[in-house]
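Residue-level structural notes
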Amino acid sequence: VSTCHFIVDLELPSQDEPSYSSLPSTEVLMRLPFLDAARTPPMHRAFYVPYLSDEHLVWADYLLIRNNALFANPSGRRTSRGPPLA
């Protein structure tokens with residue numbers, strides 16, 4: 001992980017791996033909802049009923065995370081190890 005420029009991570013409450021978004025050198029660039037199939041009842045996953053299903057669906061977060069340590073050195077200039085930022 002320390003050599004990755006970007007990480008795509010699914011943050012589930014029951015996961016055993018560390019939360020990469022909470023590392024001091026990382027920044028969350030994008031957060032999107034993802035249906036947590038393990039915690040959502042099968043009937044509500046299979047058949048969506050407006051207004052009724054919303055209260056039974058359980059969502060997790062898909063994150064796009066940037067490792068800022070690989071993009072800038074302490075002087076603030078970019079290093080040659082990563083792609084340029086837009």
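The structure under discussion appears in the preceding block.
The paragraphs below set out a description of the structure included in this document. Every value quoted in this text rests on a predicted model; they were computed, and no experiment measured them. (Residues numbered from 1 in each chain as written. Predicted model: local features only at pLDDT ≥ 70, side-chain atom pairs only at ≥ 80, totals over all residues. Heavy atoms only, no water.)

Attention now goes to the overall build of the protein. A count of helical and extended segments in the protein gives one helix and three strands. Counting helices and strands in the order they occur from the N terminus, the protein gives β-β-α-β. Every one of the 86 residues in the protein was classed for burial, and the buried ones make up 20%. Partitioning the intrachain contacts of the protein with sequence separation of at least 6 by distance along the chain shows that 64% fall at a separation of at least 24. When the accessible surface of the protein is summed, it comes to about 6,300 Å², and 60% of that surface belongs to carbon and sulfur atoms. (Helix = DSSP H or I, 4+ residues; strand = E, 2+ residues; numbered from the N terminus. Buried < 20%, exposed > 50% of the residue type's maximum accessible area, 1.4 Å probe, protein only. Contact = heavy atoms within 4.5 Å. Areas by Shrake-Rupley, 256 points an atom, 1.4 Å probe, with all protein chains shown as cover.)

Taking strand neighbours across the sheet as the criterion, the three strands line up as S1-S3-S2 in an open arrangement whose pairing is antiparallel. The outermost strands of the open sheet, each flanked by one partner alone, are strand S1 (6–11) and strand S2 (26–35). The average undirected angle you get between the axes of adjacent strands in this sheet is 20 degrees. Here S2 pairs with strand S3 (residues 59–67) via nine bridges, running antiparallel. Counterpart to Phe34 in the pairing with S3 is Ala60. (Pairing = 2+ DSSP bridges. Axes fitted to C-alpha atoms, helices over the stretch in contact; angles between N-to-C directions.)

A word on the packing of aromatic side chains. For the coordinates displayed, the defined rule picks out two aromatic pairs. Pairing Phe34 with Tyr62 gives two aromatic rings, centres 4.9 Å apart and planes at 80 degrees, and the pair type is edge-to-face. Separated by 28 residues along the polypeptide, Phe34 in strand S2 and Tyr62 in strand S3 bring together distant segments of the chain. In this structure Phe34 comes out as partly exposed when scored by relative accessible area, which is 34%. Just above the ring of Phe71 sits the side chain of Arg66; from NZ or CZ to the centre is 5.6 Å. (Phe/Tyr/Trp six-rings, centres within 6.5 Å; stacked < 30°, edge-to-face > 60°. Lys NZ or Arg CZ within 6 Å of the ring centre and 35° of its normal.)

Together, Phe6, Val8, Leu29, Met30, Leu32, Phe34 and Tyr62 make up a nonpolar patch on the protein surface, roughly 630 Å² of accessible area in all. Mapped onto the nonpolar patch, the elements with two or more residues apiece are S1 and S2. It is S2 that provides the largest number of residues to the nonpolar patch, a total of four residues. (Patch = residues over 30% accessible without salt bridge, like charges linked within 9 Å, V, L, I, M, F, W, Y side chains within 5 Å. Salt bridge = Lys/Arg side-chain N within 4 Å of Asp/Glu carboxyl O.)

Let us now look at the side chain of Arg66. Along the chain, the position of Arg66 falls in strand S3. Arg66 sits in the buried class, given a relative accessible area of 13%. Separated by 2.6 Å, the side chains of Arg66 and Glu27 make a polar contact. At 2.9 Å, the side chain of Arg66 and the side chain of Asn68 are in polar contact. (Polar contact = N/O pair within 3.5 Å; in protein donor to acceptor, adjacent residues only side chain to side chain.)

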